[in-house]
Amino acid sequence: MTVHHSAVLLTDNADAPAHFRSHQRSHQARGWPDIAYHVLIDRNGNVYEGRPMRAVPDTATNYDPTGHFTVMCEGNFQEQRSSAAQVEALIQVLAWASERFDVAPRTISGHQDHADTACPGAKLQRLIEGGEIRRRVKERLAAGGVELVELCGADGKHRVEDIEAGRD
Ligand SMILES: [Zn+2]
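About the cut-offs
- Residues numbered from 1 in each chain as written.
- Predicted model: local features only at pLDDT ≥ 70, side-chain atom pairs only at ≥ 80, totals over all residues.
- Heavy atoms only, no water.
- 1 Å grid on protein atoms, 1.4 Å probe; cavity = no way out; pocket = protein on both sides within 12 Å on 5 of 7 lines; lining within 4 Å.
- Points joined across faces, edges and corners; volume = space filled by probe spheres on them.
- Helix = DSSP H or I, 4+ residues; strand = E, 2+ residues; numbered from the N terminus.
- Nonpolar A, V, L, I, M, F, W, Y, C, P; charged D, E, K, R; others polar.
- Core = buried A, V, L, I, M, F, W, Y, C linked by side-chain atoms within 4.5 Å.
- Buried < 20%, exposed > 50% of the residue type's maximum accessible area, 1.4 Å probe, protein only.
- Contact = heavy atoms within 4.5 Å.
- Donors = N, O, S within 2.8 Å, 3.2 Å for Na, K, Ca; no water.

Chemist: Any details on the layout of surface pockets? Residues and values, ideally.
Modeler: Computed from the structure, the largest pocket encloses a volume of approximately 980 Å³. In terms of lining, the largest pocket is formed by 33 residues, of which the most central are Val 47, Tyr 48, Glu 49, Glu 150 and Leu 151. For the lining of the largest pocket, the elements supplying multiple residues, two or more each, are helix H1 (16–29), strand S2 (39–41), strand S3 (47–49), helix H2 (84–100) and helix H5 (153–164). Looking at the second largest pocket, it is lined by 20 residues, and the ones nearest its centre are His 5, Ser 6, His 27, Tyr 37 and Ala 60. Taken together, the elements giving at least two residues each to the lining of the second largest pocket come down to strand S1 (2–5) and H1. Top contributing element to the lining of the second largest pocket by residue count: H1, with three residues. Split by residue class, the lining of the second largest pocket holds eight nonpolar, 10 polar and two charged.

Put into structure tokens, the structure is as follows:
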């Protein structure tokens, strides 16, 4: 399970869906089939589906992500701190994936643990290297895990409209 950032500053969370669309466009312009990552998380802790989970993710760096579950937190964590809500959502997503795909929390790593990159940014990597993320994922699993509720179709569309209007 590998954690990434977009390296694009996110100051107003209402801009997050537009950032994701922009990443998807630029990734597809590279010839990739979709946005590189399986799951995307905005600053308010909203969780978005990216590339289908069964598909191998992509990376612009030199490592083979086959078998990796990739989560991208929107922001540039070289420059800004991740919010508490964003980190909490990251914990929930990783706990969910740990159960869903039967992978141990000890496999949680940052992109820079696999390739020459600053991703996911020093301020987020610190939480991975320091063990906080792994510890909190284990605690969450011990407390009964996480059930993700999927919003599709009109429900999903309305949720994104609320996010873009600054209501969520
Ligand atoms: Zn990355």
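Chemist: Kindly report on the nonpolar core, identifying the contributing residues and their values.
Modeler: A general tendency of soluble globular proteins is for nonpolar side chains to be buried together. Of all hydrophobic cores here, the largest spans 24 residues; its most connected members are Ile 41, Phe 69, Val 71, Leu 90, Leu 94, Ile 108 and Ile 133. At the level of elements, S2, strand S4 (70–73), H2, helix H3 (122–129) and helix H4 (132–142) are the ones that each hand at least two residues to this core. Looking at this core element by element, the count peaks at nine residues for H2. Here Val 71 is in contact with Thr 2, Val 3, His 4, Val 39, Ile 41, Leu 90, Val 93 and Leu 94, once residues within four sequence places are set aside.

Chemist: Which residues make up unusual backbone geometry, and what values do they have?
Modeler: A cis amide bond links Cys 119 with the next residue in sequence, Pro 120, at an omega value of 5°. The phi dihedral of Ala 7 is positive, around 70°, even though this residue is not glycine. Looking at the element boundaries, Ala 7 is found in the loop between S1 and H1. For Asp 102, which is not a glycine, the phi torsion comes out positive at approximately 55°. By secondary structure assignment, the location of Asp 102 is in the loop between H2 and strand S5 (109–110). Look at Asp 102 and you get exposed, because its relative accessible area is 68%.

Chemist: Could you give me a rundown of the side chain of Arg 43, with the residues and numbers involved?
Modeler: Secondary-structure assignment places Arg 43 in the loop between S2 and S3. If sequence neighbours within four positions are ignored, Arg 43 has contacts with Leu 10, Asn 13, Phe 77, Gln 80, Arg 81, Ser 82, Ser 83, Ala 85 and Gln 86.

Chemist: I'd like a rundown of the coordination of the zinc ion, residues and numbers included.
Modeler: For the zinc ion, the protein coordination sphere consists of His 4 (ND1), His 111 (ND1) and Cys 119 (SG), at 2.0 to 2.2 Å. All donors to the zinc ion come from one chain, and their sequence spacing reads H-x106-H-x7-C. Since its relative accessible area comes to 6%, His 111 is described here as buried. Relative accessible area serves as the criterion here: at 7%, Cys 119 is assigned to the buried category.

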